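Chain by chain, the residues run as shown.
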Amino acid sequence: MRINTIAFAGIPVTDIERACDFHEGVLGLKVAEEMMDGKWIEHAVGDHTLGIANVGDQWRPSDHGTTAALEVENFEPTIQTLQNKGIRFAAEPFATRCCHMAVVQDPDGNKLTIRKLKPKKEEEV
């Protein structure tokens, strides 16, 4: 078996309108497609898809579940904007050898990682 790419990341939510307000209003994502009578909303993120869904009790939000990592152009201004909007942080900004990251939570407690890769010359050995 050979996996070529991630088809999409999906996040369960309890209130699709509130989730759209967060994903579109806070994160600035644009709706790419709406399916299942509005119960599944897809947002285009570059060449990839981040879906949010309210499909019933078979798939519920969890602050311990799957995350999606969103690569941003400017890490510090993005973090400042999220902080100014009162967004909950599950992990405050930190640096690794290869990137800067922080983990925010959507209104249901789902975690989303905000990430910016470091240029190769800045990577620590």
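Here we summarise the structure given alongside this text. (Residues numbered from 1 in each chain as written. Predicted model: local features only at pLDDT ≥ 70, side-chain atom pairs only at ≥ 80, totals over all residues. Heavy atoms only, no water.)

### Describing the nonpolar core
Definition in use: Nonpolar cores are built from buried Ala, Val, Leu, Ile, Met, Phe, Trp, Tyr and Cys residues. Side-chain atoms within 4.5 Å join them into one set. Three exposure classes are used, based on accessible area relative to the maximum for each residue type with a 1.4 Å probe and protein chains only: buried under 20%, partly exposed in between, and exposed over 50%. Secondary structure is summarised from DSSP: a helix means a run of H or I of at least four residues, a strand means a run of E of at least two, and numbering begins at the N terminus for each. Between two residues, a contact is recorded if the distance between any of their heavy atoms is within 4.5 Å.
If you look at the biggest cluster of nonpolar residues, it comprises 23 residues, and the most contacted ones within it are Leu27, Ile52, Leu82, Val104, Leu112 and Ile114. For this core, the secondary-structure elements that each account for two or more residues are helix H1 (16–26), strand E4 (48–53), strand E5 (68–71), helix H2 (75–84), strand E7 (99–105) and strand E8 (111–117). Ranked by residue count, the leading element in this core is H1, at four residues. Leu27 has contacts with Phe22, Leu70, Leu82 and Leu112, leaving out every residue within four places of it along the chain.

### Here's the deal with unusual backbone geometry
For residues that are not glycine, phi is negative in most cases, and the peptide bond is trans in most cases. In this structure, Met36 takes a positive phi of about 50° despite not being glycine. Counting through the fold element by element, Met36 comes out in the loop between strand E2 (30–35) and strand E3 (40–45). Under the relative-accessibility criterion, Met36 is labelled partly exposed at 48%. Positive phi values are uncommon outside glycine, yet Asp37 reaches one of about 55°. Along the chain, Asp37 falls in the loop between E2 and E3. The exposure class of Asp37 is exposed, given its relative accessible area of 82%.

### Some remarks on the environment of Asn84
By the element assignment, Asn84 lies in helix H2. The exposure class assigned to Asn84 is exposed, which follows from its relative accessible area of 60%. The sequence separation of Asn84 and Asn54 amounts to 30 residues, and the corresponding C-alpha distance is 28 Å.

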